[in-house]
Amino acid sequence: MDILNAIVAMLNFVIIPGAAYGAQLALGALGVTLVYGILRFSNFAHGDTMAFGTALTILVTWGFVALGITFGPLPTALLALPFGIAATALMVLATDRVVYRFYRKVKAAPVILVMVSMGVMFVMNGITRFIIGVNDINFADGERFIINARDFRAATGLEEGLAFRTTQAITLVVAVMAVAALFWFLNRTRTGKSMRAFSDNEDLALLSGINPERVVAVTWIIVAALATTAGVLYGLDKSFKAFTYFQLLLPIFAAAVVGGLGNPIGAIAGGFVIAFSEVTVTYAWKKVLTYLLPAEWAPEGLVQLMGTDYKFAVSFAILVIVLLIKPTGIFKGKSL
């Protein structure tokens, strides 16, 4: 029984949260990867694009709730998500037209575009805070749990109860659907194949008659969809605060680099590597070890390698190690 209790504790505090967080990072890292692979620069404004899209989705969610429109046991934010994606797509397309397009025309060095994206990041962060404020916002409604800890204990007789939140299940399902749709689009549609060709060899793609402005526009729309979806899923699972998404840029970039910057499959793998690394290093293992070890060997301390306040330091450490040892990441980067 103690082994089963230890397994349930692992599911509660490591496996399920790590999988949900990994899916959120994977979607965010896919957006970073698309911009890097097609537009040839690292978009530092991606975290605040997530925040902007999530803030607009929250506003639409509040509007739906005020009108009495809900999604039953599921969060109303899922109904508002398409509106948030559409508004974010318009915003990033406008930003590209006003800001990035000029630097593409003059063929500015990638480092210039990175610096420009930092400027966009600060502006977007300020706009998001102005729109929705700076406080924590919980906007998840509907049923809170799919599996309730109390009911699980009553049904199994175990001391440890399994709690599986609705938002965690939604994160995993939506992430799988989004990734499947993205890979189908890139591999099966004419536009997707044009984007891959443009990523592989821009000059040859232009000679083949591919419209670069169309490729850029579609890329930004997909990035807006991925960023808003990732941001809303993260906010539903935890809470929304604009500055949190600014901080989230570090693990997202770490996930993209660890997997191989520019490689979509690598972005997904990197997201889960970073997520489980953060969760396992910051989790207090006392409860699991107490179940597994004899009573006299039970630890007195928390058996926590690092406090949760320092979880982003884990991402930074992994990022530095990968850049020093294998800069191309787990998978070869710079390709779609």
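For the structure itself, consult the block above.
Definitions and limits used
- Residues numbered from 1 in each chain as written.
- Predicted model: local features only at pLDDT ≥ 70, side-chain atom pairs only at ≥ 80, totals over all residues.
- Heavy atoms only, no water.
- 1 Å grid on protein atoms, 1.4 Å probe; cavity = no way out; pocket = protein on both sides within 12 Å on 5 of 7 lines; lining within 4 Å.
- Points joined across faces, edges and corners; volume = space filled by probe spheres on them.
- Helix = DSSP H or I, 4+ residues; strand = E, 2+ residues; numbered from the N terminus.
- Nonpolar A, V, L, I, M, F, W, Y, C, P; charged D, E, K, R; others polar.
- Core = buried A, V, L, I, M, F, W, Y, C linked by side-chain atoms within 4.5 Å.
- Buried < 20%, exposed > 50% of the residue type's maximum accessible area, 1.4 Å probe, protein only.
- Contact = heavy atoms within 4.5 Å.
- Phe/Tyr/Trp six-rings, centres within 6.5 Å; stacked < 30°, edge-to-face > 60°.
- Lys NZ or Arg CZ within 6 Å of the ring centre and 35° of its normal.

In this model, the largest pocket occupies a volume close to 670 Å³. The wall of the largest pocket is formed by 31 residues, among which P17, R165, Q168, D237 and K238 lie closest to the centre. Mapped onto the lining of the largest pocket, the elements with two or more residues apiece are α1 (2-39), α6 (166-188), α9 (212-237) and α11 (264-282). Looking at the lining of the largest pocket, the element that brings in the most residues is α1, giving five residues. Considered as a void within the structure, the second largest pocket measures approximately 450 Å³ in volume. Along the walls of the second largest pocket sit 18 residues, with L39, R104, K107, F198 and E202 positioned nearest its centre. Elements with a contribution of two residues or more to the lining of the second largest pocket: α1, α3 (77-105), α4 (110-132), α8 (202-207) and α9. Per-element accounting of the lining of the second largest pocket gives the leading share, four residues, to α3. Tallied by class, residues from the lining of the second largest pocket come to ten nonpolar, no polar and eight charged.

Counted by the stated rule, this structure contains one cavity of 30 Å³ or more. Volume-wise, the largest cavity comes out at about 50 Å³. Lining the largest cavity are N43, A45, T49, V92, T95, Y100, V120, M124 and W220. Those elements that place two or more of their residues in the lining of the largest cavity are α3 and α4. In terms of residue count, α3 provides more of the lining of the largest cavity than any other element does, three residues in total.

Soluble globular proteins tend to pack their nonpolar side chains together in the buried interior. L27, L30, M195, W220, I222, F240 and L248 are the most contacted members of the largest nonpolar core, which has 82 residues in total. Considering every element that reaches this core, the biggest residue donor is α9, with 14 residues. With near-sequence residues (within four places) excluded, L30 lies in contact with V179, L182, L226, P264, A267 and I268. A9, V14, V279 and Y291 belong to the second-largest nonpolar core, a separate cluster that totals eight residues.

Moving on to the packing of aromatic side chains. Applying the stated criterion across every chain, the model contains eleven aromatic pairs. Summarising the aromatic geometry, the rings of F13 and Y283 are spaced 5.8 Å apart at their centres and angled 15° between planes, so their arrangement reads as stacked. Note that F13 is positioned in helix α1 and Y283 in the loop between α11 and α12 (286-292), a separation of 270 residues in sequence. By relative accessible area, which is 12% here, Y283 ends up buried. Taken together, Y21, Y234, F240 and Y245 form an aromatic cluster joined through their ring pairs. Over the ring of Y21 we find K311, and its NZ or CZ is 5.4 Å from the ring centre.

Another aspect to go through is unusual backbone geometry. Residues other than glycine seldom take positive phi values, yet K107 does so here, at roughly 55°. Positionally, K107 belongs in the loop between α3 and α4. Note on K107: relative accessible area 69%, which makes it exposed. Of note, V303 is a non-glycine position whose phi angle comes to about 55°, a positive value. Structurally, V303 is set in the loop between α12 and α13 (311-325). Its relative accessible area of 36% is what places V303 among the partly exposed residues.

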